[in-house]
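Here is how the chains run, residue by residue.
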Amino acid sequence: MALEEMAAFFEARLDGYDEHMLTNIESAEEFYPYTAAQLPVKEGAKLLDLGCGTGLELEYYFKLNPAAEVVGIDLSAGMLTALKEKFPDRVLTLIQGSYFTISLGDRYDAVVSVESLHHFTREEKLPLYKRVRDALDDGGYFVLTDYMVTDETIERELRSEYERLKTEAKLPDGAFYHFDTPLTVEHECAILRDAGFAQVEVLKHWGNTYCMMARKQNLPLNEEISI
Ligand SMILES: C[S@@+](CC[C@H](N)C(=O)[O-])C[C@H]1O[C@@H](n2cnc3c(N)ncnc32)[C@H](O)[C@@H]1O
């Protein structure tokens, strides 16, 4: 198998992308609405979407909160154009580039990322997650829905296969190539904690797709206790 550059990979599959995700990814029809339902419902809520693609999660979110202000970051200009065309009437700011280098902005009520971060290492994610935490309002939180594994051996094998393919093709460092290298659920939680999030919890999973919530600060005690 030949590695393809990340944005080019998605642009080549843009036609039929939404249908592919919703019909071929296990439980997609459940985890997109579930993820959207975790996001803030107050009018004018500020949301950042990392790797927003064509906005499948946003489609469900805008149904719950049509007045939300959303910033979306994605490497692929084609995916962003498709997203913009879907929601001409929404408050949507789209930024083309890598979330590892682009300024994220700040004072968000929530940050979300769906099916995008499973290509990256702990070393790449840790500084990003610290920046995500800094970009959140004090009461804000990060919802991460992504492909993860439970076995460390699989994590290691996929990463070394990726490195092998990259070396074989003599691909330079510093660009992103499409190959799934999910981390374990435990490692993903640990990176979020190491980035300074006060509370990290797995909300739900559907096979290998996990939905996690990481809160910038602990919830006040009276919000934790349900009577
Ligand atoms: C599988 S798609 C998911 C899109 C959307 N969140 C969804 O669930 O339908 C992954 C997206 O992440 C984007 N992506 C991958 N690496 C990225 C990076 N470093 N910075 C910004 N976007 C990235 C890709 O361009 C692609 O649009």
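First things first, this report covers the structure right here in the doc. Bear in mind the structure is a predicted one, so any value in this text is a computation, not a measurement.

Further remarks concern the overall build of the protein. Scanning the protein from terminus to terminus reveals 9 helices and 9 strands. Taken against the 2.2 N^0.38 rule, which gives 17 Å for 227 residues, the C-alpha radius of gyration of the protein at 17 Å falls within 12% of a compact globule. In terms of its C-alpha atoms, the protein occupies a principal-axis envelope of roughly 55 × 40 × 35 Å. The buried share of the protein, reckoned over its 227 residues, is 34%.

As a further point, take the environment of Val-143. Examined against the element boundaries, Val-143 turns out to sit in strand 6 (residues 136-147). As for Val-143 and Gln-38, which are separated by 105 residues in sequence, their C-alpha atoms are 7.5 Å apart. Among all residues touching Val-143, those that are not within four sequence positions of it are Thr-35, Gln-38, Leu-39, Ala-110, Val-112, Cys-211 and Met-213.

With that out of the way, let us pick up the site of the ligand. Near the ligand lie 21 residues; those nearest to it are Gly-51, Gly-53, Leu-56, Val-114 and Ser-116. Contributions of two or more residues to the shell around the ligand are made by helix 1 (6-12), helix 4 (56-64) and strand 3 (69-74). Looking at which element gives the most residues to the shell around the ligand, the answer is helix 1, with 3 residues. Split into classes, the residues belonging to the shell around the ligand amount to 13 nonpolar, 5 polar and 3 charged.

This next bit is on the nonpolar core. Counting residues in each nonpolar core, the largest one holds 50 residues, and the members touching the most others are Leu-47, Ala-110, Val-111 and Phe-142. Ignoring any residue separated from it by four or fewer positions in sequence, one finds Val-111 in contact with Leu-48, Leu-50, Val-132, Ala-135, Leu-136 and Phe-142.

Taken in spatial order, the 7 strands line up as 4-3-2-5-6-9-8 in an open sheet, and their pairing is mixed. The open sheet has two edge strands with one neighbour each: strand 4 (91-96) and strand 8 (199-206). Geometrically, the sheet is characterised by an average inter-axis angle of 15 degrees between neighbouring strands, direction not taken into account. In the packing of helix 3 (residues 28-37) onto the sheet, the strands contacted are strand 5 (108-114), strand 6, strand 8 and strand 9 (209-215), and the crossing angle to strand 9 comes to about 10 degrees. Lying on the sheet, helix 5 (residues 77-86) is in contact with strand 3 and strand 4; it crosses strand 4 at an angle near 170 degrees.

It is worth spelling out helix 3 at this point. Along helix 3, the residues classified as buried are Phe-31, Tyr-32, Thr-35 and Ala-36. Buried residues of helix 3, seen end-on, are gathered within an arc of 130 degrees and therefore sit on one face of the element. Exposed residues lying more than 90 degrees from the buried face of helix 3 are Glu-30 and Ala-37.

Another point: the pairing of strand 8. Two strands pair when backbone bridges link them, and strand 8 and strand 9 are joined in this way by 7 bridges, in the antiparallel orientation. Considered in strand 9, the bridge of Gln-199 is made with Arg-215.

A separate point is the pairing of strand 4. Here strand 3 pairs with strand 4 via 6 bridges, running parallel. Each bridged residue has a counterpart across the sheet, and for Asp-74 the counterpart in strand 4 is Gln-96. Once you follow strand 3 into helix 5 and on to strand 4, the crossover reads as right-handed.

Criteria and cut-off values
Residues numbered from 1 in each chain as written. Predicted model: local features only at pLDDT ≥ 70, side-chain atom pairs only at ≥ 80, totals over all residues. Helix = DSSP H or I, 4+ residues; strand = E, 2+ residues; numbered from the N terminus. Rg over C-alpha atoms; globule rule 2.2 N^0.38 Å. Buried ≥ 20, exposed ≤ 12 C-beta atoms within 10 Å, placed from the backbone. Contact = placed C-beta atoms within 7 Å. Near = placed C-beta within 6 Å. Nonpolar A, V, L, I, M, F, W, Y, C, P; charged D, E, K, R; others polar. Core = buried A, V, L, I, M, F, W, Y, C linked by C-beta atoms within 7 Å. Pairing = 2+ DSSP bridges. Axes fitted to C-alpha atoms, helices over the stretch in contact; angles between N-to-C directions. Arc of directions from axis to C-beta. Right-handed = clockwise from strand over helix to strand, strands pointing away.

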